[in-house]
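Chain residues, written in single-letter form:
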Amino acid sequence: MTRPREDSHGIAQALTELGFAVQVEPLLEIRAVEDAHIDTDGLQGILATSANGIRALARALADRDLPVWAVGDASARAARDLGYRNVASAGGDVDSLAALVAERCRPEDGALLHAAGSVTAGDLSGRLGQAGFTVRRVVLYRAETAERISDELAQSLKDGTIDVALFFSPRTAATFATLVAAAGLSDTTGRIAAYALSQAVARELAALPWAGVHVAAAPTQAALLAALQPTTDRGPSMTETDVPKPATPASGDPASPEPENAAPAKGSSAWALVLAVILAALIGAAALTYESWKSVLEMVVPTATLAPPTNPAPANPAPVAQNPVPAPVAQAADSVRAELAALQGRLAQLEARPAADARLDQAEGQIKALQAQIPARLAAEMQELAAHVAELKRTSADAAAVLRMTDRLEKAESRLAELESKRSSAVALLLAVGQLREALAASLPYDSELRAVKALAGTDQDILRGVEILKARAVAGLPTRAVLVSRFHALAPAIVRADILPAEMSWWRQTLDRLATLVIVRREDGDAVGEDSPALVARATARLGEGDLAAALAELSRLTGGAATIAAPWLADASDRLAADHAVSEMTAHVVAAIGAKP
């Protein structure tokens, strides 16, 4: 077993129950990341791509109510053992986990927390980001590779006591191959059957010789144990004589050890001659001792059936009472006679063959010739091997240094994948902001668009500040700038009248108000001077004509008294419109900058 020690307990127990003697050789050591920041705000669930990840999360957070989406059964089982109540298993790999989440979750329901290690397989964040989900990947542990194999494993490899090796990840498989080669034990794996969780794992084992490399039908622990079933049928271990037989033919009959028309093996004639001599000796001995065992045979087979009578019978013999010969005994006697006749015929054929001495002499000469060639061949092969070893010593680096470089490369690849995932999420966020802008431009309610932006933003404070600004008017929507200009032109006379007419609501004020509605004179250029209502309205009208809503709002915000009261609803809508337009512009600029940022 090459898994981390904490991950090996369950499958080691299962293998022990199958009859295996299990040796655990952890090639990865799991170290927790201290003080990892975990943002739980707005989460809809947890993504678990390893049992180590969910264990590390459980140590950091006490909450067990969030749903857990696990990549496989082992991770799901670990989550349930830790007390998580709502756990679902994808039963496969990162692709199947992404498909499961996309089928059962909605992006607008919140972000997903990925409890990950420093190095992960696959791009889960990228796949879910393309589907509109926000994934918060938090590194909660680091898996550090071993720098040498243990003395116990080295001795077991030398003694040839390991029959089966299990590999669960490309990283542990590559580490095993590198460390075994560095220890000079590459030639010891030729009798070991390797079992890999996937094709990617099997590819990392190609550097070593194996008795066979078997791949699980699915990337799960159960499938790997099922692949071991043929081995367990033969017993808990394999030896040199336990090499599997050839496959059974399609007809269902056991496969023959040789083809029916195979040529005789060398020396078969000599063995046949020896066998014939032995049979002849046995027959001769039987003939010489016939008298001694004749009486015994007569007890089974009557003498009359073995030899003719020595004296002829009278012409008219008197009736003699005889015991009939039992049928089974007669059949046995006939069988013995047939076998003796066959042996005599075989002996005659062998005696008629030419002597085998010449063929034996020829075979002996060939053997001596081969013996003379073997030392020369071995010497040439030894020289070739020595040259290979010298070349390896010249070009090979220290195994530990190679593994450290591999770790750095994997970390860099993981960082690159994380950046690509963030970029994919940023593209999805940009699309959501664009939809929000369109709803604002059409003066429509934008609550659903705003919730989508918030879900995709995750912990991005720049986006979340804009969301806070916009949420107050999300259900009702905001008037467009054109609508605000039209409303102002209709409202301006009332603002001016409020400043000109008396404040008290007497019959005199009501009469003047009716007359003012018939004729009102106000300036509409931008040159009006003063802080009274007509001057402020005139300058605001000019600013709106120039398309400067902010300047018009600044002018009208200085209104006082009744004029300010009349203008208040318009001022509120204009202020919210300016704030919304500014917030969406800031969001767009921020997301575009994130997409264009270099890794």
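Residues numbered from 1 in each chain as written. Predicted model: local features only at pLDDT ≥ 70, side-chain atom pairs only at ≥ 80, totals over all residues. Heavy atoms only, no water.

Undergrad: Which parts of the structure should I look at to understand the pattern of salt bridges?
TA: Any two side chains of opposite charge can pair, on the condition that their charged atoms come close. Evaluated as defined, the whole model comprises 22 salt bridges. For arginine 473, the salt bridge identified is with aspartate 573, shortest N-O distance 3.1 Å. Residue arginine 473 is found in the loop between helix H17 (461-470) and helix H18 (481-500), and its partner aspartate 573 is found in helix H22 (residues 561-596); the two are separated by 100 residues along the sequence. A relative accessible area of 14% places aspartate 573 in the buried class. (Salt bridge = Lys/Arg side-chain N within 4 Å of Asp/Glu carboxyl O. Helix = DSSP H or I, 4+ residues; strand = E, 2+ residues; numbered from the N terminus. Buried < 20%, exposed > 50% of the residue type's maximum accessible area, 1.4 Å probe, protein only.)

Undergrad: I would appreciate a short explanation of the sheet that holds strand S9 (residues 212-215) in the present structure.
TA: Sheets are built from strands that pair by backbone hydrogen bonding, the pairs being arranged parallel or antiparallel. On the basis of which strands lie adjacent, the open sheet formed by three strands has the order S7-S8-S9 and parallel pairing. Pairing within the sheet leaves two strands with one partner each, and these edge strands are strand S7 (164-167) and S9. When the angles between neighbouring strand axes are averaged without regard to direction, this sheet yields 20°. The pairing of S7 with strand S8 (residues 193-196) spans four bridges and is classified as parallel. Residue pairing for S8: valine 164 is matched across the bridge by alanine 193. (Pairing = 2+ DSSP bridges. Axes fitted to C-alpha atoms, helices over the stretch in contact; angles between N-to-C directions.)

Undergrad: Mind showing me how you'd approach the packing of aromatic side chains here?
TA: Centre distance and the angle of the planes are the two values used to describe a pair of aromatic rings. Considering all chains together, one arrives at four aromatic pairs under this definition. Ring plane angle 65° and centroid distance 5.1 Å describe the contact between phenylalanine 167 and phenylalanine 176, whose orientation is recorded as edge-to-face. Just as phenylalanine 167 is buried, phenylalanine 176 falls in that class too. Site record: aromatic cluster; members linked through ring pairs are Phe167, Phe176 and Trp210. When the ring centre of phenylalanine 168 is taken as reference, the NZ or CZ atom of arginine 3 above it lies at 4.1 Å. Note that arginine 64 overlies the ring of tyrosine 84, its terminal NZ or CZ placed 4.9 Å from the centroid. (Phe/Tyr/Trp six-rings, centres within 6.5 Å; stacked < 30°, edge-to-face > 60°. Lys NZ or Arg CZ within 6 Å of the ring centre and 35° of its normal.)

Undergrad: Even after reading the chapter, I still don't get the environment of serine 425, so can you show me in this structure?
TA: Along the chain, the position of serine 425 falls in helix H15 (residues 399-441). Overall, the relative accessible area of 17% leaves serine 425 in the buried class. Separated by 170 residues in the primary sequence, serine 425 and isoleucine 595 place their C-alpha atoms 9.1 Å from one another. Ignoring anything within four residues of it in the chain, the contact list for serine 425 reads Gly129 and Phe133. (Contact = heavy atoms within 4.5 Å.)

Undergrad: I'm lost on the side chain of aspartate 163 in this one. Help?
TA: Among the secondary structure elements, aspartate 163 is positioned in the loop between helix H6 (151-159) and S7. A distance of 3.1 Å separates the side chain of aspartate 163 from the side chain of arginine 191, its partner in a polar contact. (Polar contact = N/O pair within 3.5 Å; in protein donor to acceptor, adjacent residues only side chain to side chain.)

Undergrad: Honestly, helix H21 (residues 549-556) in this entry has me stumped. Any pointers?
TA: Residues spaced three or four apart along an α-helix point in a common direction, a consequence of the helix completing one turn every 3.6 residues. Leu549, Ala552, Leu553, Glu555 and Leu556 are the residues of H21 that are buried. Across the axial projection of H21, the buried residues extend over an arc of 160°, all falling on one side. (Arc of directions from axis to C-beta.)

Undergrad: Looking at this model, I keep getting lost on the nonpolar core. Mind explaining?
TA: For soluble globular proteins, the rule of thumb is that nonpolar side chains tend to be buried together. By size, the foremost hydrophobic cluster in this structure holds 39 residues, and its most contacted members are Leu166, Phe167 and Trp210. For this core, the secondary structure elements donating two or more residues are helix H1 (5-17), H6, S7, helix H7 (170-182), S8, helix H8 (199-203) and helix H9 (221-227). Residues within four places of tryptophan 210 in sequence aside, it is in contact with Ala165, Phe167, Phe176, Thr189, Gly190, Ile192, Ala194 and Leu205. (Core = buried A, V, L, I, M, F, W, Y, C linked by side-chain atoms within 4.5 Å.)

Undergrad: Explain the environment of tyrosine 195 here, please?
TA: Take tyrosine 195: it is sitting in strand S8. For tyrosine 195, a relative accessible area of 3% corresponds to the buried category. When the C-alpha positions of tyrosine 195 and leucine 166 are compared, they lie 4.9 Å apart, and in sequence the two are 29 residues distant.

Undergrad: Could you clarify how one ought to interpret the side chain of threonine 2 in this entry?
TA: You can see threonine 2 is positioned in the segment before H1. Residue classification places threonine 2 among the buried residues on the basis of a relative accessible area of 5%. Engagement of the side chain of threonine 2 in a polar contact is seen with the backbone oxygen of leucine 166, the distance being 2.9 Å.

Undergrad: Got a minute to help me understand helix H20 (residues 533-545) in this structure?
TA: Spanning 13 residues, H20 covers 18 Å between terminal C-alpha atoms, matching the ideal 18 Å at 1.5 Å per step. The buried fraction of H20 is high, at 11 of 13 residues. Looking only at H20, the buried set comprises Ser533, Ala535, Leu536, Val537, Ala538, Arg539, Ala540, Thr541, Ala542, Arg543 and Leu544. The N-cap residue of H20 is aspartate 532: its side-chain oxygen and the backbone nitrogen of alanine 535 are 3.2 Å apart. Backbone geometry just after H20 places glycine 547 at a positive phi near 80°. (Expected span 1.5 Å × (residues − 1).)

Undergrad: Hey, could you run me through the sheet that holds strand S1 (residues 28-32) in this one?
TA: Pairing is mixed in the open sheet, where six strands are placed in the order S1-S6-S5-S2-S3-S4. Pairing within the sheet leaves two strands with one partner each, and these edge strands are S1 and strand S4 (87-89). Taken pair by pair, the neighbouring strands of this sheet meet at an average axis angle of 25°, ignoring direction. Bridge count for strand S5 (residues 111-117) against strand S6 (residues 135-145) is six bridges, and the pairing is parallel. For histidine 114, the partnering residue across the bridge sits in S6 and is arginine 137. Its contacts with the sheet place helix H3 (residues 73-81) against strand S2 (43-48), strand S3 (68-70) and S4, and it is angled at close to 170° to S4. In the packing of helix H4 (residues 94-104) onto the sheet, contacts are made with S2, S3, S4 and S5, and the angle to S3 comes to roughly 145°.

Undergrad: Please explain the pairing of S2 as it appears in this structure.
TA: Remark: a regular strand shows side chains that alternate across the two faces of the sheet. Of all six residues making up S2, six are buried, and the element is well covered by its neighbours. Where S2 and S5 come together, five bridges link them in parallel fashion. In the strand pairing of S5, isoleucine 46 is matched with leucine 113. Summarising the sheet, S2 and S3 pair through three bridges and their orientation is parallel. Paired with leucine 47 across the strands is tryptophan 69, a residue of S3. The parallel pair S2 and S3, bridged by helix H2 (residues 51-60), forms a crossover whose chirality is right-handed. (Right-handed = clockwise from strand over helix to strand, strands pointing away.)

Undergrad: I tried to follow the pairing of S6 on my own but got confused; where do I start?
TA: Within S6, eight of the 11 residues are buried, leaving the element largely enclosed by the surrounding structure. Sheet topology note: the S1/S6 ladder contains five bridges and is antiparallel. When the bridges of S6 are listed, leucine 28 appears paired with threonine 145.

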